[in-house]
Amino acid sequence: MVRDIFMKQIIESIQKLKQKNHAVILVHNYQIPEVQDIGDFIGDSLELSRKAAATDAEVIIFCGVHFMAETAAILSPEKKVIIPDPAAGCPLAEMIEPKDVIRLRNENPGCIVVGYVNTSAAVKAELDICCTSANASKVVMSLDKNKPVVFVPDKYLAAYTAFKTNRPMVYWNGYCPTHAKILPQDIFKCKSAYPGAKVMVHPECRPEVTKLADAVVSTSGMLKYAKETDAEVFIVGTEIDMIYRLNKENPGKKFVPASKLAVCPNMKKITLEKVLWSLEELKPQVTIPEEIRVRALAAVNKMIQII
Ligand code: CIZ
């Protein structure tokens with residue numbers, strides 16, 4: 001009860017400061033429910049950054065992990081981008097550095113380097129083209145067929161994209177520790193509890209898991225699949241708080257997490273209190289050296305041109 005009153009006051013203060021600072025609040029699909037509820041936009045990282053860039057807001061509060069806030073800063077250099085907790089990193093993005101991409105390029109002469117959005121701005125600056133989990137196959141299909149493809153940093157998304165496009169690739173050995181927690185036996189267990197359920201999993205899952213799914217889709221793809229598919233129960237193989245949005249937008253359908261262990265500890269670092277503090281102080285700001293931002297933007301724009 002006391003906590004409820006306190007939370008209500010925090011939300012009111014967030015709304016007031018948002019107006020005062022001409023801010024827009026972006027919330028990733030994996031954020032905790034109460035943070036999802038205060039977002040102006042909720043979605044995947046690219047979708048959010050593109051929507052924010054199209055507004056006339058002066059400040060972006062990015063409730064997500066660090067590379068996502070960087071993507072917003074790449075697309076909106078004139079806006080102040082704030083992340084409520086700068087310690088909210090992404091282990092997958094941290095598994096590769098710019099020097100690794102340079103080495104891969106030297107080891108694979110003439111290659112095209114495709115990089116998942118889950119990379120730092122400094123790594124994006126070394127890529128030829130970016131991709132998201134929603135468009136990785138489309139991006140790879142658009143590439144010159146005579147050139148070798150190097151895919152970084154997620155080996156599971158790379159393997160799935162190579163299978164879908166029938167294109168051999170050199171992979172980097174990165175992975176998302178949260179999605180890697182989802183195991184084939186979790187899917188079998190859920191399927192025996194809900195025999196008619198449809199299984200949708202994220203392409204960051206292990207190949208042993210993706211091959212058991214009815215749909216292998218990004219978070220935006222999951223929202224579409226859930227809406228358009230005539231089933232009562234869905235088994236969901238991604239970060240656990242995706243279920244909150246799926247429930248909210250699909251009353252009458254049931255969403256069961258494939259594994260309750262698929263919790264991203266970094267996404268959970270963002271709380272309403274931290275959103276309020278970041279609006280009070282307009283920090284910590286995410287900044288990118290202009291020389292890196294311009295090169296990273298080129299890789300992002302190449303992707304945007306073909307989707
Ligand atoms: O880019 C995103 O938001 C991520 C990491 C995944 C997704 O499928 O939305």
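Computed from a prediction, not measured in an experiment: that's the story for all the values here.

Asker: When you look at the overall build of the protein in this model, what are you seeing that I'm missing?
Answerer: What the protein contains, in helices and strands, is 14 helices and twelve strands. The globule rule puts the C-alpha radius of gyration for 307 residues at 19 Å, and the 19 Å found for the protein is close to it. Viewed in the frame of its principal axes, the protein has a C-alpha envelope of about 60 × 55 × 30 Å. In the protein, which comprises 307 residues, the proportion classed as buried is 56%. Of all intrachain contacts in the protein linking residues separated by at least 6 positions in sequence, the fraction that spans at least 24 positions is 61%. Approximately 13600 Å² of the protein is accessible, and the part contributed by carbon and sulfur atoms is 55%.

Asker: I tried to follow the site of the ligand on my own but got confused; where do I start?
Answerer: Around the ligand, the neighbouring residues are H28, D44, S45, M68, Y116, V117, N118, S133, H202, E204, S218 and T219. Between the ligand and H28 there is a distance of 2.6 Å, counted from an oxygen atom to a side-chain nitrogen or oxygen. Here an oxygen atom of the ligand sits 2.5 Å away from a polar atom, N or O, in the side chain of T219. Here the shell around the ligand is built from residues that sort into three nonpolar, seven polar and two charged.

Asker: It is not clear to me how the nonpolar core should be interpreted in this structure. Could you clarify?
Answerer: Considering soluble globular proteins, one finds that nonpolar side chains tend to be buried as a cluster. If you look at the biggest cluster of nonpolar residues, it comprises 97 residues, and the most contacted ones within it are I14, I25, I61, F151, M200 and V275. The element contributing the most residues to this core is helix 4 (residues 66–75), with seven residues. When residues no more than four places from it in sequence are discounted, the contact partners of F151 are V114, C131, A136, V140, L157, A158, T161, M169, V170, Y171 and W172. Judged by nonpolar contacts, the second largest core, of 16 residues, contains I187, A197, C205 and V233.

Asker: Please explain the sheet that holds strand 12 (residues 254–257) as it appears in this structure.
Answerer: In a beta sheet, neighbouring strands pair by backbone hydrogen bonds and run either parallel or antiparallel. Within the open sheet, the four strands sit side by side as 10-9-11-12. Their pairing is parallel. Each having just a single partner strand, strand 10 (215–216) and strand 12 make up the two edges of the open sheet. Packing against the sheet, helix 11 (residues 219–228) makes contact with strand 9 (198–201), strand 10, strand 11 (233–237) and strand 12, and its axis sits at approximately 165° to strand 9.

Asker: Explanation requested: the environment of V81 in the structure shown.
Answerer: Following the sequence through the fold, V81 ends up in strand 4 (residues 80–82). Under the relative-accessibility criterion, V81 is labelled buried at 0%. A sequence separation of 206 residues divides V81 from T287, and the C-alpha atoms of the two residues are 7.5 Å apart. If near-sequence neighbours (up to four positions away) are discounted, V81 is found in contact with I60, A69, A72, A73, P284, Q285 and V286.

Asker: Looking at this model, I keep getting lost on the side chain of N21. Mind explaining?
Answerer: By secondary structure assignment, the location of N21 is in the loop between helix 1 (2–20) and strand 1 (23–28). Engagement of the side chain of N21 in a polar contact is seen with the backbone oxygen of L279, the distance being 3.1 Å. Leaving out residues up to four positions away in the same chain, N21 has contacts with E58, V59, L279 and L282.

Asker: Where do I start with the pairing of strand 11 in this structure?
Answerer: A large share of strand 11 lies buried, amounting to five of its five residues. Covered by surrounding structure in strand 11 are V233, I235 and G237 together with F234 and V236, the residues of both alternating faces. Direction of pairing for strand 9 relative to strand 11: parallel, over a ladder of four bridges. Each bridged residue has a counterpart across the sheet, and for K198 the counterpart in strand 11 is F234. In this sheet, strand 12 lies alongside strand 11 in parallel orientation, the contact comprising four bridges. Bridge pairing in strand 12 links I235 to V256.

Parameters at a glance
Residues numbered from 1 in each chain as written. Predicted model: local features only at pLDDT ≥ 70, side-chain atom pairs only at ≥ 80, totals over all residues. Heavy atoms only, no water. Helix = DSSP H or I, 4+ residues; strand = E, 2+ residues; numbered from the N terminus. Rg over C-alpha atoms; globule rule 2.2 N^0.38 Å. Buried < 20%, exposed > 50% of the residue type's maximum accessible area, 1.4 Å probe, protein only. Contact = heavy atoms within 4.5 Å. Areas by Shrake-Rupley, 256 points an atom, 1.4 Å probe, with all protein chains shown as cover. Near = heavy atom within 4 Å. Polar contact = N/O pair within 3.5 Å; in protein donor to acceptor, adjacent residues only side chain to side chain. Nonpolar A, V, L, I, M, F, W, Y, C, P; charged D, E, K, R; others polar. Core = buried A, V, L, I, M, F, W, Y, C linked by side-chain atoms within 4.5 Å. Pairing = 2+ DSSP bridges. Axes fitted to C-alpha atoms, helices over the stretch in contact; angles between N-to-C directions.

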